[in-house]
Amino acid sequence: MSAPREGRPREDGPTTTPRGVATRRAFLALAGASAVLTTAACSGGGGPQASRSPGRGLSGRQVWAHMVPHGLPLSESGDIHYGSERPLSYAPAGTDYGSLVSGQIDQARAAGLTGMQILLLEGVNQGGDFVGDWMAAADPTWDEGEGFSVAPCLQVSSRGAAVRLLEQYAAAAEGHPSAARSGDALVVWLFNARSLSPQDWASCRGELQRKGTQLCLVAELGTAASQHGDRLDTSLIDPYGDSFEAVWLFEDKESEVLDDFVAWAKRHDTPFAGGTLPGYDRETTNGGYTDARATELWRTQLERQVGSGAAWLTAVTWNDAVEHTSVGPTRDWGTTRADVLAHHSTRFRSQGFPDDSATAYATTPQYLVQGQPLLAEGLGINHGTESVTVEVTVTTASGTQLAASEAREVAPGTMGAAVLEGPVDARGGEHLYAVVELTDRSRRRLARTKSAPVVVFAADDAALPDPRRRRYYSLSSASAAEFSDLARVEGAEGSPATPDGLKVVARESLRSVEFLHNTWPAGTGLNTRELSYRAPPDTLVGGQRIATVPQGFTLARVVTNSGKIAYSPPVHHAATADPGG
């Protein structure tokens, strides 16, 4: 495990969408460095000032996610630079943009979200960028009653830019029922609101109010606990205690500071709008890492958010594959994180579950180093009316059982996990599976799922991913499929030391076909039947640098048009040409 990340989540370099929109992280250095100068230059000026709304309420029991506007581009070719954690909304060339956005909204609603906040950057975006497309796609949901809401999340470092983006957004939101509102005020989220002074925000609010626009500002205050001894330094945020209608938390040290932050918000009579991460992993040696521990961190943090008395819940983020904080459906995670969020959203909003299903989920590391403990989780989500039991076992590739968990009872309307964490008798070059079963009181099987393969590396194997962090695959009984039913892997000719020549051949055209080599993407094809191996790139999205060797293992992953996911058994590659393989 690497040393803790210094400061806030970041990227090594900017990433762009097809529209040339940089992500939040590339802008952080600018915003942080200019915060003091901005305050000195702009505070107290720029027009009339106004205080926050006296009501300071947040409408309803809402569930939001923060979205970085990447992942929307369509694949024009066999691009593999996006990384292995591609969103399940990734679509082949020719899919119209409106359909792609509508599909994202469908996935968000299935995950229990009532709204999406979309990042907009000073100097890069206009106030209607992306949010206009999303509002147009979300408007029809309001014909059904309570629909899906859309709002911008502004990251700015100058008062003038804040006013421009707010004015542009207010104009774009006109006439859209999906433009998020709390009462008659437009909801606008802020990222790193400390980049402006409280006086600047009051001035911005006053200028918009003078032009007829009321604002409900939900602010993230840049608590940066990891820079301050993993604790909340309230002196940084005290000046903003009366500036905003609500506050939310974007914090990698959430576990340490949540209670203190909630208490701070209560002292200032400011609603807490939530904010939780499911884990964190920038795939660089200095990028920072917080182990997701399968779904444990995500489940625990959501439970704590609900228990904190939060007015709203917020997932941060929906789709950030750079940091592996994605909650939306991805190839690595399937719908697991989204389903966990949907469960908590239903409980938070005091709604009934949509069905009486009981679903099993297997979450395992992508690889294991020989001699180190294996963490395998069997999660059960029980929406039925009777208790169920969840168990997880770990087996060899041939089915020999190596370990079994204790049975865990999952009461109706709850979720629970059976966990195995410890050493297993496995050698480098082998692979393992976790099998999860849900049974009722009579031991009748209700659901079963088998994990993706967990490849075992010898401790000195040059093919080990660098940095050596625990990364995960997750499958539910509803989405797992048998690879042999869908496709086959054709072997490489010549030396077994190289994966060159490997090919996936599917029975019919599939949503996606991929190769992963030592966990890195080695080719992807969308809406296709065949795919040949390609050497992994040197960098992934966000400037993440990677390196691997030809030996190690290669496996194939396919996704059907209905969202079923299947993994092939790994193809192992020896370090030297060895007819014995």
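Conventions and cut-offs
- In every chain, residue numbers begin from 1 and rise along the written sequence.
- The model is predicted, so local features are restricted to residues of pLDDT at least 70 and side-chain atom pairs to those at 80 or more, both for listing and for counting; the totals for chains, interfaces and linings are taken over all residues.
- Each side-chain value is derived from all of the structure's non-hydrogen atoms; neither hydrogens nor water enter the calculation.
- In this description a helix means any DSSP run of H or I spanning at least four residues, a strand means any run of E spanning at least two, and both kinds are numbered starting from the N terminus.
- Note on classification: 1.4 Å probe, protein chains only; a residue is buried when its accessible area is under 20% of the maximum for its type, exposed when over 50%, partly exposed between these limits.
- Residue contacts follow a heavy-atom distance rule, with two residues in contact if any of their heavy atoms lie within 4.5 Å.
- Using the Shrake-Rupley algorithm and a 1.4 Å probe, accessible areas are obtained, with residue cover drawn only from the displayed protein chains.
- By definition, two strands form a pair when at least two bridges between them are found by DSSP.
- In this analysis an axis means a line fitted to C-alpha atoms, helices contributing only their contacting stretch, and an angle means the value between N-to-C directions, from 0 to 180 degrees.
- Crossing handedness is defined as follows: a turn of the near helix away from the far one that is anticlockwise and smaller than a right angle gives a left-handed crossing, while the clockwise case is right-handed.
- Here the term charged refers only to Asp, Glu, Lys and Arg, the term nonpolar to Ala, Val, Leu, Ile, Met, Phe, Trp, Tyr, Cys and Pro, and the term polar to all other amino acids, Gly among them.
- Any N or O atom pair separated by 3.5 Å or less is treated as a polar contact, with the protein-specific requirement of one donor-capable and one acceptor-capable atom, and with residues adjacent in sequence counted only for side-chain atom pairs.
- Take a side-chain nitrogen of Lys or Arg and a carboxyl oxygen of Asp or Glu: if they are within 4 Å of each other, that pair is a salt bridge.
- Each nonpolar core is a collection of buried residues, namely Ala, Val, Leu, Ile, Met, Phe, Trp, Tyr and Cys, held together in the definition by side-chain atoms within 4.5 Å.
- Per-residue confidence from the predictor is reported as pLDDT, a score between 0 and 100.
- Note on aromatic pairs: the rings of Phe, Tyr and Trp (six-membered ring only in Trp) are paired at centre separations within 6.5 Å, and the planes decide the class, stacked below 30 degrees, edge-to-face beyond 60, tilted for the rest.
- Criterion for a charge above a ring: Arg CZ or Lys NZ at most 6 Å from the ring centre, at most 35 degrees from the ring normal.

1. Describing the overall build of the chain
Moving on, step 1. When you go through the chain residue by residue, the secondary structure sums to 9 helices and 29 strands.
Moving on, step 2. When each of the 581 residues of the chain is scored for burial, the buried share is 60%.
Moving on, step 3. For the chain, restricting intrachain contacts to residue pairs at least 6 apart in sequence, the fraction spanning at least 24 positions comes to 73%.
Moving on, step 4. Within the structure as shown, the chain displays about 21,200 Å² of accessible surface, and the carbon and sulfur contribution to it stands at 47%.

2. Quick look at the sheet that holds strand S21 (residues 472–476)
The strands making up a sheet are joined through hydrogen bonds of the backbone, oriented either antiparallel or parallel.
Moving on, step 1. Strand order in the open sheet made by the 4 strands is S17-S13-S11-S21, with antiparallel pairing throughout. With partners counted over all chains shown, the strands left at the sheet margins are strand S17 (414–422) and S21, one partner each. Averaged over neighbouring strand pairs, the angle between their axes works out to 15° when direction is ignored.
Moving on, step 2. Here 9 bridges tie strand S13 (residues 374–382) to S17, and the two strands are oriented antiparallel to one another. Across the sheet, Leu379 pairs through a bridge with Ala417, a residue of S17.

3. Remarks on the packing of helix H4 (residues 159–173) against helix H5 (residues 198–210)
Moving on, step 1. Here H4 crosses H5 at 35°, and the two axes come no closer than 10 Å. Where H4 crosses over H5, the two elements pack in a sense that is right-handed. Residues Arg159, Ala162, Val163, Leu166 and Glu167 of H4 touch H5, and the partners they reach there are Asp200, Trp201, Ser203, Cys204, Glu207 and Leu208.
Moving on, step 2. For the contact of H4 with H5, a count of residues per class yields 6 nonpolar, 1 polar and 4 charged.

4. Some words on the side chain of Thr439
Moving on, step 1. Looking at the element boundaries, Thr439 is found in strand S18 (residues 431–439).
Moving on, step 2. In this structure Thr439 comes out as buried when scored by relative accessible area, which is 4%.
Moving on, step 3. In this structure the side chain of Thr439 is engaged in a polar contact, spanning 3.2 Å, whose partner is the side chain of Arg443.
Moving on, step 4. Apart from the residues within four sequence positions on either side, Thr439 is in contact with Val388, Thr389, Arg444, Arg445 and Leu446.

5. Looking at the pattern of salt bridges
A pair can form between side chains of opposite charge whenever their charged atoms are brought close.
Moving on, step 1. Taken as a whole and judged by the stated rule, the model has 25 salt bridges.
Moving on, step 2. Glu490 is paired through a salt bridge with Arg488; the nearest N and O atoms lie 2.9 Å apart.
Moving on, step 3. On the basis of relative accessibility, which here comes to 31%, the residue Glu490 falls in the partly exposed class.
Moving on, step 4. Three or more residues are tied together by salt bridges with common partners; here these are Arg86, Arg331, Asp332, Glu514 and Arg557.

6. Here we look at the nonpolar core
Moving on, step 1. Ranked by internal contacts, the top residues of the largest apolar core, which has 72 residues, are Met116 and Trp201.
Moving on, step 2. The element contributing the most residues to this core is H4, with 8 residues.
Moving on, step 3. For Met116, the contacting residues outside a window of four places in its chain are Trp64, Ala65, Met67, Ala108, Trp134, Phe148, Ser149, Val150, Ala151 and Trp318.
Moving on, step 4. Residues Ala376, Ala418, Val424 and Val436 belong to the second largest nonpolar core, which totals 23 residues.

7. Here's the deal with the confidence of the model for the chain
Moving on, step 1. This prediction gives the chain a mean pLDDT of 87; 88% of its residues lie at or above 70.
Moving on, step 2. When the criterion is pLDDT under 50, residues 1–45 qualifies, and its contacts beyond four places in sequence or with other chains add up to 123 contacts.

8. Some points on the pairing of strand S2 (residues 115–121)
Moving on, step 1. Across the 7 residues that make up S2, a large majority, 7, are buried.
Moving on, step 2. Alternating positions in S2 separate into two faces, Gly115, Gln117, Leu119 and Leu121 on one and Met116, Ile118 and Leu120 on the other, with burial throughout.
Moving on, step 3. One ladder, built from 4 bridges, connects strand S1 (residues 63–67) with S2; its direction is parallel. Bridge pairing in S2 links Met67 to Ile118.

9. Some remarks on unusual backbone geometry
Moving on, step 1. Cis rather than trans, the peptide bond between Asp466 and Pro467 has omega equal to 5°.
Moving on, step 2. If you trace the backbone, Pro467 turns up in the loop between strand S20 (454–457) and S21.
Moving on, step 3. Within the chain, Arg443 stands out as a residue other than glycine whose phi angle is a positive 70°.
Moving on, step 4. With respect to the helices and strands, Arg443 occurs in the loop between S18 and strand S19 (445–450).

10. Concerning the packing of aromatic side chains
Moving on, step 1. Throughout the structure, instances matching the rule amount to 15 aromatic pairs.
Moving on, step 2. Seen in terms of ring centroids, Trp248 and Phe250 are 6.3 Å apart; in terms of plane orientation they differ by 70°. Their pairing is edge-to-face. No difference in accessibility class separates Trp248 from Phe250, as the two residues are buried.
Moving on, step 3. A connected cluster of aromatic rings, assembled from ring pairs, spans Trp64, Trp189, Phe191, Trp248, Phe250 and Trp312.
Moving on, step 4. In this structure, Arg61 is placed above the aromatic ring of Phe348, and the distance from its NZ or CZ to the ring centre is 3.9 Å.
Moving on, step 5. The side chain of Lys450 reaches across the aromatic face of Tyr433, ending 4.4 Å from its centre.

11. Considerations on the environment of Gly60
Moving on, step 1. Of note, Gly60 is situated in the loop between helix H1 (25–42) and S1.
Moving on, step 2. When its relative accessible area of 55% is taken as the criterion, Gly60 is described as exposed.
Moving on, step 3. Residues Gly60 and Ser182, spaced 122 residues apart in sequence, show a C-alpha to C-alpha distance of 8.6 Å.

12. Here we look at the side chain of Ser326
Moving on, step 1. Structurally, Ser326 can be placed in the loop between strand S10 (313–315) and helix H9 (336–348).
Moving on, step 2. With relative accessibility at 3%, the residue Ser326 sits in the buried group.
Moving on, step 3. Reaching out from Ser326, the side chain makes a polar contact with the side chain of Glu85 at a distance of 3.0 Å.
Moving on, step 4. A polar atom in the side chain of Ser326 sits 3.5 Å from the backbone nitrogen of Asp320.
Moving on, step 5. Residue contacts for Ser326: discarding those within four places in its chain leaves Glu85, Pro278, Thr317, Trp318, Asn319, Asp320, Ala321 and Arg337.

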